[in-house]
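Notes for the structure review
In case you want the letters, here they are:
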Amino acid sequence: MSTLSIYNPATGHRIVELQADDPASVAARTQAARAAQPAWAARPLAERKRCIEGFRAGVVRDLERLAQVMTRETGKPIRMSRNELNGLLPRIDFFLAQTEPAIAAETVFDEGGMREQIQHEPLGLVANISAWNYPWFVGCNVILPALLTGNAVLYKPSEYSTMTGQEIARLLHEAGVPQEVMACLVGGGEVGAALLAQPVDGVFFTGSHATGRRIAEAMGSRLVKLQLELGGKDPTYVCDDADAQTAAESLADGAMYNTGQSCCSVERIYVHEKIHDAFVEHFVRTVRGFRLGDPASEDTYIGAITRAPQLDVLESQVEDALAKGATLQAGGERRIGEGNWFDATVLTHVDHTMDIMREESFGPVIGIQKVAGDAEAVRLMNDTRYGLTAGVYTPDEERARRILAQVHAGSVYWNCCDRVSPRLPWSGVGDSGVGLTLSKYGIQTFTRTKAWHLRQA
Ligand code: NAD
């Protein structure tokens, strides 16, 4: 029997050892899910919705305990764990309200006895391989619309958020979703790989670019729907007419929230030379006010780094920047001792020869670069293989629109950052991925559109 040990990243101590899946159990659960899916799809949508409403009620009922589970296994500060769970509720409400209109059959032609209709059928059996940084969000962005549209789901949560994944499955089962229709697989990458070897009808992945590529290669000739939501190196530009303090406080939060471990964290900042120094002063003051400590404490803002190997990435990016002439304004080091800790780090005098401005950091480190104007900012923002989000701070909407129209990104922000809305599609450009979740399109993506040509005899 294989097992998976879950560790608390704040202490390094083992929380629990779970029985893990293996290729044989993954195959068995796939078969069971496939057998159970048609009956689930045949249920009226109202019944499937009732299950998801029950799931929502379970999240509300158990919220505090669920937040603590997530904080223990990921090191996310407890207030942010609660925020994630509270933020999940409007997403659930969106899916509940919008599934019916999103998948309603549509008559697009009706003349002379000939009718044409578009119908949405479930894909069938959907694999969801997921990340740990917002496990409720990224898990449910796939699981909920997939179930509502009549699919069965084989969900492989990250090995760093498996207890949370099991809670998601438990609440869905308690609410009436059959065990076989929603299976939570336990294990690391090898269990994800075993799942990909199964005859699934769609693969929905959230994680790193490196793993995303491996998954795309594994799926290669299979002709199965594949969505990849990957990393980013999200830029923001602060124009000379922006309020330096307001922008700095907003962007410090956007860079450091969730210990910088958000897919849409602000990862690099460009500031117009006219307000650069004032911006840096406010930014550093704000970051110095972020308290690093026990994720279970109410006043902690910077929690633990969830994956220990990321400490080496952060350290090497800071060393590389300093060796090439950057100035350290705050932080800069990992903390030695129990658990995975890295100080909130701010670097200035950075440029694009440095990894910190080119490679995803996924931690509480940020580079701030001075620019001479909009054209230089646009050029630097686009100097990346990623394209998840990008933002501009200026009171001038026309200027922001002009700049953001030129930037390659799935989502763009004017005077805001690190924001996701269930009403808008969530997608990446380039190495940030293919496909999308959320919005009506993120519901339709779990269906196959069937074309009906109907002639009255
Ligand atoms: P990861 O790529 O290490 O792991 C993601 C999942 O893939 C895990 O469940 C893992 O077990 C599984 N996996 C690993 N190897 C596999 C293989 N060979 N076959 C099948 N599955 C395999 O990523 P992570 O550390 O969990 O997440 C962090 C990354 O996710 C960051 O790059 C972040 O930007 C990205 N992310 C993107 C979004 C988005 O919406 N675009 C959202 C959240 C996180």
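Residues numbered from 1 in each chain as written. Predicted model: local features only at pLDDT ≥ 70, side-chain atom pairs only at ≥ 80, totals over all residues. Heavy atoms only, no water.

1. As for the sheet that holds strand E18 (residues 411-414)
Worth spelling out the cut-off: Strands are labelled as partners when DSSP assigns at least two bridges between them. The numbering of helices and of strands both runs from the N terminus, where a helix is a DSSP run of H or I of at least 4 residues and a strand a run of E of at least 2. As a rule, the C-alpha atoms of each element are fitted with a line to give its axis, helices using only the stretch in contact, and angles between N-to-C directions run from 0 to 180 degrees. Here a residue-residue contact requires only that any non-hydrogen atoms of the pair lie within 4.5 Å.
One open sheet holds the seven strands; their spatial order is E12-E15-E16-E11-E10-E17-E18, and the pairing between them is mixed. Each having just a single partner strand, strand E12 (327-330) and E18 make up the two edges of the open sheet. Shown here is a sheet whose adjacent strand axes are inclined to one another by a mean of 20 degrees, direction ignored. The sheet contact formed by E12 and strand E15 (residues 345-348) spans three bridges and is antiparallel. Of the residues in E15, the one forming a bridge with Ala330 is Val346. Together, E12, E15 and strand E16 (365-371) form the strand contacts of helix H10 (residues 309-323), whose direction differs from that of E15 by roughly 25 degrees.

2. Things to note about the pairing of strand E1 (residues 3-7)
Worth spelling out the cut-off: For each residue, the accessible area found with a 1.4 Å probe, counting protein chains only, is set against the maximum for its type, and the residue is called buried under 20%, exposed over 50%, and partly exposed in between.
Side-chain alternation along E1 places Leu4 and Ile6 on a buried face and Thr3, Ser5 and Tyr7 on a face that remains uncovered. As defined by bridge partners, E1 adjoins strand E2 (residues 14-19) across five bridges and the pair is classed as antiparallel. Across the sheet, the residue bridging to Ile6 is Val16, located in E2. Counted along the chain from E1 to the antiparallel partner E2, the turn is six residues long, and its residue Gly12 has a positive phi close to 80 degrees.

3. Regarding the site of the ligand
What counts is decided by this rule: When at least one non-hydrogen atom of a residue lies within 4 Å of a molecule or strand, that residue is treated as near it. Think of a polar contact as two N or O atoms within 3.5 Å of one another; within protein, one of them needs to be a possible hydrogen donor and the other a possible acceptor, and neighboring residues in sequence only count if both atoms come from side chains. Exposure was quantified through the Shrake-Rupley algorithm and a 1.4 Å probe, taking into account, for residues, occlusion by the shown protein chains and nothing else. Only protein atoms enter the 1 Å grid used here, on which a cavity is any set of points holding a 1.4 Å probe that cannot leave and a pocket is any open set flanked by protein within 12 Å on both sides along at least five of seven lines; residues with an atom within 4 Å of a point are listed as lining. More than half of a molecule's atoms within 2 Å of the grid points is what it takes for that molecule to sit in a cavity or pocket. Think of it as three bins: nonpolar holds Ala, Val, Leu, Ile, Met, Phe, Trp, Tyr, Cys and Pro, charged holds Asp, Glu, Lys and Arg, and polar takes everything else, Gly as well. All domain edges in this entry derive from an automatic or database-based domain assignment.
Residues in contact with the ligand amount to 30 residues; listed here are only the nearest, Lys156, Glu159, Ser208, Thr211 and Glu360. Contact distances for the ligand include 2.8 Å between an oxygen atom and a side-chain N or O atom of Trp426. Within the complex, 91% of the 860 Å² of free accessible area of the ligand lies under protein. Judged by the proximity of its atoms to the pocket grid, the ligand belongs to the largest pocket. Looking at the shell around the ligand, the elements that each hand over two or more residues are helix H6 (189-196), strand E8 (202-206) and helix H7 (209-219). Examining the composition of the shell around the ligand, we find that four residues originate from one element, H6, more than from any other. A per-class count over the shell around the ligand returns 14 nonpolar, 11 polar and five charged. Formed jointly, the shell around the ligand draws a minimum of three residues from each of two domains, domain 1 (3-229 + 430-455) and domain 2 (234-419).

4. Thoughts on the pattern of salt bridges
Working definition: two side chains of opposite charge can pair if their charged atoms are close together. Worth spelling out the cut-off: When a carboxyl oxygen of Asp or Glu is within 4 Å of a side-chain nitrogen of Lys or Arg, the pair counts as a salt bridge.
By the definition in use, this model includes 31 salt bridges. For Glu159, the salt bridge is made with Lys156, and the minimal N-O distance between the two is 3.5 Å. Here Glu159 falls in the partly exposed class, since its relative accessible area comes to 27%. When its relative accessible area of 3% is taken as the criterion, Lys156 is described as buried. Glu359 is paired through a salt bridge with Arg385; the nearest N and O atoms lie 3.1 Å apart. Taken as a pair, Glu359 in the loop between E15 and E16 and Arg385 in the loop between helix H11 (374-381) and strand E17 (389-393) lie far apart in primary sequence, 26 residues in all.

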